[in-house]
Amino acid sequence: MPEPRVSIVVPSLHGGETLSQCLQSLSAQTFSDFETIVVDNSGTRAASVVSHAFPVRIIENSTNTGFGAAVNQGIRASSSQFVVTLNDDTIAHPGFLDSLVAAAEQRYEIGMCAPQIRLFGDDRLDSAGMLLCRDGSSKQRGHLEPPASYKRLQQVLLPSGCAALYRRDMLDEIGLFDERFFLYCEDTDLGLRGRWKLWECMYVPAAIVEHRYSLSAGSASALKAYYVERNRLFVAFKNFPARELAAVPFVSALRYFWHSAFLLSGRGKAAAYAGSPDGHAARLPWYVLRAWAAVFPELPRLLAERRAIQRGARMQTRQFRRLLSTYSISARRVAAL
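Quick caveat, the model's predicted, so the values are computed rather than measured. (Residues numbered from 1 in each chain as written. Predicted model: local features only at pLDDT ≥ 70, side-chain atom pairs only at ≥ 80, totals over all residues. Heavy atoms only, no water.)

(A) Quick peek at the side chain of Asn231. As for its placement among the helices and strands, Asn231 is situated in helix H6 (residues 222-239). Excluding its chain neighbours within four sequence positions, the residues that come into contact with Asn231 are Phe181, Leu183, Tyr184 and Cys185. (Helix = DSSP H or I, 4+ residues; strand = E, 2+ residues; numbered from the N terminus. Contact = heavy atoms within 4.5 Å.)

(B) Expanded view of unusual backbone geometry. Of note in this structure, Tyr184 is not a glycine but carries a positive phi near 80°. Structurally, Tyr184 is set in the loop between helix H4 (168-174) and helix H5 (186-196). Unlike most non-glycine residues, Cys185 shows phi in positive territory, near 75°. Position of Cys185 among the secondary structure elements: in the loop between H4 and H5.

(C) Spotlight on the pattern of salt bridges. Taken as a whole, this structure holds 21 salt bridges when the rule is applied. Note that Arg76 and Glu179 form a salt bridge whose closest N and O atoms lie 3.6 Å from each other. With Arg76 in helix H2 (residues 67-76) and Glu179 in the loop between H4 and H5, the pair connects residues that are 103 residues apart, well separated along the chain. What makes Glu179 partly exposed here is its relative accessible area of 36%. Residues joined in a network through salt bridges with shared partners are Asp178, Arg180, Asp189, Arg193, Lys238, Glu298, Arg301 and Glu305. (Salt bridge = Lys/Arg side-chain N within 4 Å of Asp/Glu carboxyl O. Buried < 20%, exposed > 50% of the residue type's maximum accessible area, 1.4 Å probe, protein only.)

(D) Layout of the state of the cysteines. Applying the stated criterion across every chain yields a total of 0 disulfides. You can see Cys133 has no disulfide; the closest cysteine sulfur is in Cys185, sitting 12 Å from it. The class for Cys133 is buried, based on a relative accessible area of 2%. A residue is classified by how much of its surface remains accessible, and Cys185, at 8% relative accessible area, is buried. (Disulfide = S-S within 2.5 Å.)

(E) Just the nonpolar core, in detail. Grouped together as the largest cluster of nonpolar side chains are 36 residues, with contacts concentrated most on Leu157, Leu192, Phe240 and Val295. Where this core is concerned, the elements lending two or more residues are strand E8 (130-132), H5, H6, helix H7 (242-264), helix H9 (284-295), helix H10 (299-312), helix H11 (317-326) and helix H12 (331-336). No other element matches the 7 residues that H6 contributes to this core. Val295 has contacts with Arg230, Leu233, Phe234, Phe237 and Leu302, leaving out every residue within four places of it along the chain. (Core = buried A, V, L, I, M, F, W, Y, C linked by side-chain atoms within 4.5 Å.)

(F) Spatial organisation of the packing of H6 against H7. Between H6 and H7, the least distance of the axes is 10 Å, while the angle of their chain directions is 155°. Compared by their axis directions, H6 and H7 come out roughly antiparallel. Where H6 crosses over H7, the two elements pack in a sense that is right-handed. On H7, the residues that touch Glu229, Arg232, Leu233, Ala236 and Phe237 of H6 are Leu245, Val248, Ser252, Arg255 and Tyr256. (Axes fitted to C-alpha atoms, helices over the stretch in contact; angles between N-to-C directions. Parallel < 35°, antiparallel > 145°, perpendicular 65-115°, else oblique. Left-handed = near helix turned anticlockwise from the far one by under 90°.)

Next up, the structure:
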């Protein structure tokens with residue numbers, strides 16, 4: 001049998017009803033030339049919710065290998081023209097795949113597509129592509145805004161790995177997700193590596209998917225605080241031009257200031273963390289120190305990868321700077337969201 005045009009890779013940690021609903025939404029797609037691969041990081045939970053009426057391949061891991069490693073397993077187990085990553089806590093609208101594939105096939109240079117990701121049960125956006133702060137932090141474009149404000153098919157910086165389409169030729173050229181990230185920001189790293197190679201990303205508003213935001217790790221948790229802080233430094237060291245990399249500590253300090261200011265007024269991500277079950281505001285500086293300390297053992301490899309990215313880049317540094325400027329988000333706004 002010929003290979004399907006699309007492989008959908010669904011990493012799953014909890015299985016259960018959310019995964020079942022995700023797979024049911026895929027069975028209702030108007031586009032049919034695809035396969036579904038569930039990578040089960042729980043080892044046992046996915047099989048119990050997979051319907052025999054809808055063919056799904058399951059890859060079982062005995063331990064949680066992380067988002068990037070799980071998705072990479074699915075990519076390596078497939079050979080289709082396009083790969084779609086989809087969180088197990090999403091529900092795709094029927095025209096989701098049709099719209100993504102149609103957009104990607106407009107031009108070969110389109111290596112990534114970002115769908116319209118809405119918050120589940122809420123007529124507001126989770127993301128319409130991603131934005132990048134000068135400290136390496138990435139945030140959802142249009143987060144909490146009405147979808148009507150983002151209804152135009154257009155280029156964006158990169159997609160959220162929560163729901164994204166990638167061209168296999170791009171992945172073959174730049175490599176897969178960096179598995180050291182474990183959780184968070186690996187999609188930003190992959191997207192920037194693609195942009196350095198002149199691959200483009202399109203935002204496709206007709207491709208709609210609903211997302212239960214941060215269901216696995218929580219929207220503000222100790223786990224998320226640590227990995228987001230560490231991994232945005234990985235992103236910067238690997239992908240930022242020298243001048244932008246030198247500015248990272250200063251922009252970081254500015255973001256910490258805004259986190260503190262918003263915390264005092266009960267707003268922003270720091271306040272959300274302080275109010276979470278495992279949260280305590282006094283611990284936030286500890287997570288920051290841990291994150292910075294965790295970067296130092298990785299520096300030789302990060303800098304070697306940085307040199308390889310720079311050597312193989314087809315985009316000039318000034319063009320990359322312009323790209324970062326076009327799709328930037330301020331440190332204040334990052335702290336506020």
